[in-house]
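Overview (structure and organization)
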Amino acid sequence: MSSVVVVDAGGANLGSVCYALERLGVQPRVVTDAAGLEGAGRVILPGVGAAPEGMRRLHAQGLVEPLRALQGPLLGICLGMQLLYERSEEGEVECLGLLQGVVHRLPAAPGIRVPHMGWNALRTMRPSALLDGVADGASAYFVHSYAAPVTADTVAASDHGSLFTAVVQHGRLCGAQFHPERSAATGARILRNFLEMDF
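A brief look at the structure comes next. (Residues numbered from 1 in each chain as written. Predicted model: local features only at pLDDT ≥ 70, side-chain atom pairs only at ≥ 80, totals over all residues. Heavy atoms only, no water.)

Of all hydrophobic cores here, the largest spans 35 residues; its most connected members are Leu-21, Ile-44, Leu-122, Val-167 and Phe-178. Secondary structure elements with two or more residues in this core: β1 (4–7), α1 (14–23), β4 (74–77), β10 (139–144), β12 (154–159), β13 (163–170), β14 (173–176) and α5 (184–196). Per-element accounting of this core gives the leading share, five residues, to α1. Every residue in contact with Leu-122, bar those within four places of it in the chain, is listed here: Asp-136, Gly-137, Ala-138, Ala-140, Phe-142, Ala-156, Ala-157, Ser-158, Ala-166, Phe-178, Thr-186 and Ile-190. (Core = buried A, V, L, I, M, F, W, Y, C linked by side-chain atoms within 4.5 Å. Buried < 20%, exposed > 50% of the residue type's maximum accessible area, 1.4 Å probe, protein only. Helix = DSSP H or I, 4+ residues; strand = E, 2+ residues; numbered from the N terminus. Contact = heavy atoms within 4.5 Å.)

Right under this line is the structure:
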């Protein structure tokens, strides 16, 4: 398996993502700057917290343009997935612009709490090797207040007041809004699929 790089963009889930990869037999390399991306076979961008702070840190680390220019497979996790889009309504911040769409706040409604925290079902929207071995309706663990819209790139959606993108793929660009490292067998399978896919 080619080298796997995990970007340290200040997310509290960095350690648990690395541990989840180690359980799959992968020793990831944690990087904090552009030089660390050189020679990476797969890049994972985890993140938790707010989009403005996430982008500020990527800019400070000199990672924005290298991530935009990356030629290999990239997987964004939670906030890391949101940062792949053009913009986030959270702080009205410009993101990496690798995927089309604007990340928006989840709508509050009677019986619908925001942030969305807990297990929710994945509704398959189109075929993708990212979901190989993952049944329609499988559950994943979410913690977020903002979400990406459902577009042609959406592989799986979830419903929390309205449908939002839970898994995305556009060519070599992939993302999971939930935490695969906290989503038991479903999350482990999606991580393994990303590591083994032909792009």
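There's plenty left to go through after this.
Note the cis peptide between Val-114 and Pro-115, where omega equals 10 degrees. With respect to the helices, strands and loops of the structure, Pro-115 is situated in the loop between β7 (99–105) and β8 (116–121). In this structure, Glu-92 takes a positive phi of about 50 degrees despite not being glycine. Inspection of the secondary structure assignment puts Glu-92 in the loop between β5 (85–88) and β6 (93–94).

Here we have four strands laid out as an open sheet, ordered β6-β5-β7-β11, and mixed in their pairing. What marks the edges here is a single partner per strand, and that holds for β6 and β11 (146–147). Pairing geometry for β5 and β7, over three bridges, is parallel. Looking at β7, one finds that Ser-88 is bridged to Val-103. (Pairing = 2+ DSSP bridges.)

This next bit is on α5. A rise of 1.5 Å per residue sets the reference length of α5, with its 13 residues, at 18 Å; its end C-alpha atoms lie 19 Å apart and thus fit the reference within 8%. For α5, the full list of buried residues reads Thr-186, Gly-187, Ile-190, Leu-191, Asn-193, Phe-194 and Leu-195. Buried residues along α5 sit against β1, α1, β3 (42–45), β4, β10 and β14. (Expected span 1.5 Å × (residues − 1).)

Turning our attention to the pairing of β1. Of the two faces of β1, the one holding Val-4 and Val-6 and the one holding Val-5 and Val-7 are both buried throughout. Relative to β3, β1 runs parallel, the two sharing three bridges. Residue pairing for β3: Val-5 is matched across the bridge by Val-43. Looking at chain direction, β1 and strand β2 (residues 29–31) are connected through three bridges and run parallel. Following the sheet pairing, Val-6 is matched in β2 by Val-30.

With respect to the helices and strands, His-179 occurs in the loop between β14 and α5. Using a relative accessible area of 3% as the deciding quantity, one classes His-179 as buried. Of note is the side chain of His-179, whose polar atom sits 2.7 Å from the side chain of Glu-181. Leaving out residues up to four positions away in the same chain, His-179 has contacts with Asn-13, Val-48, Cys-78, Tyr-141 and Val-143. (Polar contact = N/O pair within 3.5 Å; in protein donor to acceptor, adjacent residues only side chain to side chain.)

Below, the discussion takes up the sheet that holds β14. One open sheet accounts for eight strands, arranged β2-β1-β3-β4-β14-β13-β12-β9; its pairing is mixed. Either end of the sheet is taken by a strand with one partner, and the two such strands are β2 and β9 (123–124). Each of β1, β2, β3 and β4 is contacted by α1, which is oriented at about 165 degrees to β1, the strand it contacts most. (Axes fitted to C-alpha atoms, helices over the stretch in contact; angles between N-to-C directions.)

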